[in-house]
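Residues per chain are reported as follows:
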Amino acid sequence: MFSYRHAFHAGNHGDVLKHMVLIATLRHLMLKPGTLTMVDTHAGAGLYRLDSDFTDKGGEATHGVVRLFEVLRPAAGQAPESTPVLDDYLDLVAGFNPDGALRVYPGSPFVMQHLMRHDARDRLKLFELHPTDGKSLSSNVAQLEAGRSVVVVRQDGFEGLKPLLPPPADAQGSRRALVLMDPSYELKSDYGKVSACIQDAVKRFATGTYVVWYPVIPRTEAHDLPRKLRGLAQRAGRGWLNATLAIGHPPLAPNERPGLTASGMFVINPPHTLAEGLKASLPRLVDILGRGRGQGHTLEHGSA
Ligand code: SAM
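So, here is what we can say about the structure in this document.

Cut-off values and rules
Residues numbered from 1 in each chain as written. Predicted model: local features only at pLDDT ≥ 70, side-chain atom pairs only at ≥ 80, totals over all residues. Heavy atoms only, no water. Helix = DSSP H or I, 4+ residues; strand = E, 2+ residues; numbered from the N terminus. Buried < 20%, exposed > 50% of the residue type's maximum accessible area, 1.4 Å probe, protein only. Contact = heavy atoms within 4.5 Å. Expected span 1.5 Å × (residues − 1). Arc of directions from axis to C-beta. Pairing = 2+ DSSP bridges. Right-handed = clockwise from strand over helix to strand, strands pointing away.

## Some points on the environment of Val 93
Reasoning step 1: Within the secondary structure, Val 93 sits in helix α3 (residues 84–95).
Reasoning step 2: Overall, Val 93 belongs to the buried group, its relative accessible area being 1%.
Reasoning step 3: Considering only alpha carbons, one finds Val 93 and Pro 250, 157 residues apart in sequence, at a separation of 28 Å.
Reasoning step 4: Contacts of Val 93, omitting those with residues within four sequence positions, involve Val 65, Phe 69, Leu 102, Val 104, Tyr 105 and Pro 106.

## Things to note about helix α5 (residues 131–142)
Reasoning step 1: Here α5 spans 16 Å end to end across 12 residues, near enough to the 16 Å set by a 1.5 Å rise per residue.
Reasoning step 2: Within the span of α5, buried status applies to Asp 133, Gly 134, Leu 137, Asn 140 and Val 141. All buried residues of α5 fall inside an arc of 130 degrees around its axis, so they share one side. Relative to its buried face, α5 has exposed residues pointing more than 90 degrees away, namely Lys 135 and Ala 142.
Reasoning step 3: Among the structural elements, β2 (47–49), α4 (108–115), β4 (123–127) and β5 (150–153) are those in contact with the buried residues of α5.

## Some points on unusual backbone geometry
Reasoning step 1: A cis amide bond links Leu 165 with the next residue in sequence, Pro 166, at an omega value of -5 degrees.
Reasoning step 2: Assignment of secondary structure puts Pro 166 in the loop between α6 (157–161) and β6 (177–181).
Reasoning step 3: Positive phi values are uncommon outside glycine, yet Glu 145 reaches one of about 50 degrees.
Reasoning step 4: Positionally, Glu 145 belongs in the loop between α5 and β5.
Reasoning step 5: Its relative accessible area of 72% is what places Glu 145 among the exposed residues.

## Some thoughts on α3
Reasoning step 1: An ideal rise of 1.5 Å per residue puts 16 Å on 12 residues; α3 measures up with 16 Å between its terminal C-alpha atoms.
Reasoning step 2: Along α3, the positions that sit buried rather than exposed are Val 85, Leu 86, Tyr 89, Leu 90, Leu 92 and Val 93. When α3 is viewed along its axis, its buried side chains cluster within an angular range of 160 degrees and face the same direction.
Reasoning step 3: Elements in contact with the buried residues of α3: α1 (13–29), α2 (65–72), β3 (104–106), α4 and α9 (274–289).

## Here's the deal with the pairing of β6
Reasoning step 1: Most of β6 is tucked away: 5 of the 5 residues are buried.
Reasoning step 2: Across the two faces of β6 the burial is the same, with Ala 177, Val 179 and Met 181 and Leu 178 and Leu 180 all buried.
Reasoning step 3: Where strand β1 (residues 37–40) meets β6, 4 bridges bridge the pair, whose relative direction is parallel. Bridged to Asp 40 within β6 is Leu 180.
Reasoning step 4: For β6 and strand β7 (residues 209–215), the ladder comprises 4 bridges, and the chain directions are parallel. Looking at the pairing, Val 179 lines up with Tyr 210 of β7.
Reasoning step 5: The parallel pair β6 and β7 is bridged by helix α7 (residues 189–204), and the resulting crossover is right-handed.

Now the structure itself:
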């Protein structure tokens, strides 16, 4: 079960979509003053080197964040037009690479930690089961000296989420939470666990914002997952948003497989600004990252 290591995939097109949507969602939630409880049920190692053996000098990131930087943040010459949501994502990644060379990629724990507000007493809980990645995450987080505001737990994130919802009330009596659910889907059972866990979470805390990444692959369970999430959001009377990004692939040799070419983000209770921000940014991502056959994007949403 532990063959998946996110380091091989860090900064790929799936991470670009996931982290861009996550940042845009958090930016809006953080405009309100109340304490925000954040949970990352499948956290990974937290920080990744883009020049390590894992990533093989960029690896999958060359068709993701590295390509975006080449086009939108060129070392010389004028950059073509970007979008505010895309720029916000690139600025955050650039902040982890102060000397200008793209060497470090922040995973979701560091994206969230970077945006946390200390005056609002935001909290971040990170679940990671892999022994090696769990250790890396703990030592990466320890360097932040964030005290009790960021907690790493070596526990099943699906199970660990339950007692955290509803989140505690802050001094003003407000309860707010964002949950990112981003399993590796290495096991077929992850698909069913995601929908069951989100259904349970919405029952426990209906106004939380739930953000789920999923691969777009020819597998029944993967195809059904966004449909199930939409159904449960609608039955609970909650707003939802579903965005997909497909980079497609160039012509393939016989027996050559393209790898993962598309993924999606499903958000329950999305901020009302999210759809508008993505409407401009998704086509821009396709322009820059698109590789040919199958490239494109979709954006659907429904209100509460
Ligand atoms: N969210 C991370 C990011 O965006 O940077 C990437 C996470 S990666 C896709 C999924 C992680 O979940 C892997 O590191 C894997 O070891 C871990 N994992 C797998 N099953 C888990 C479980 N039941 N509970 C917690 N972590 C799990």
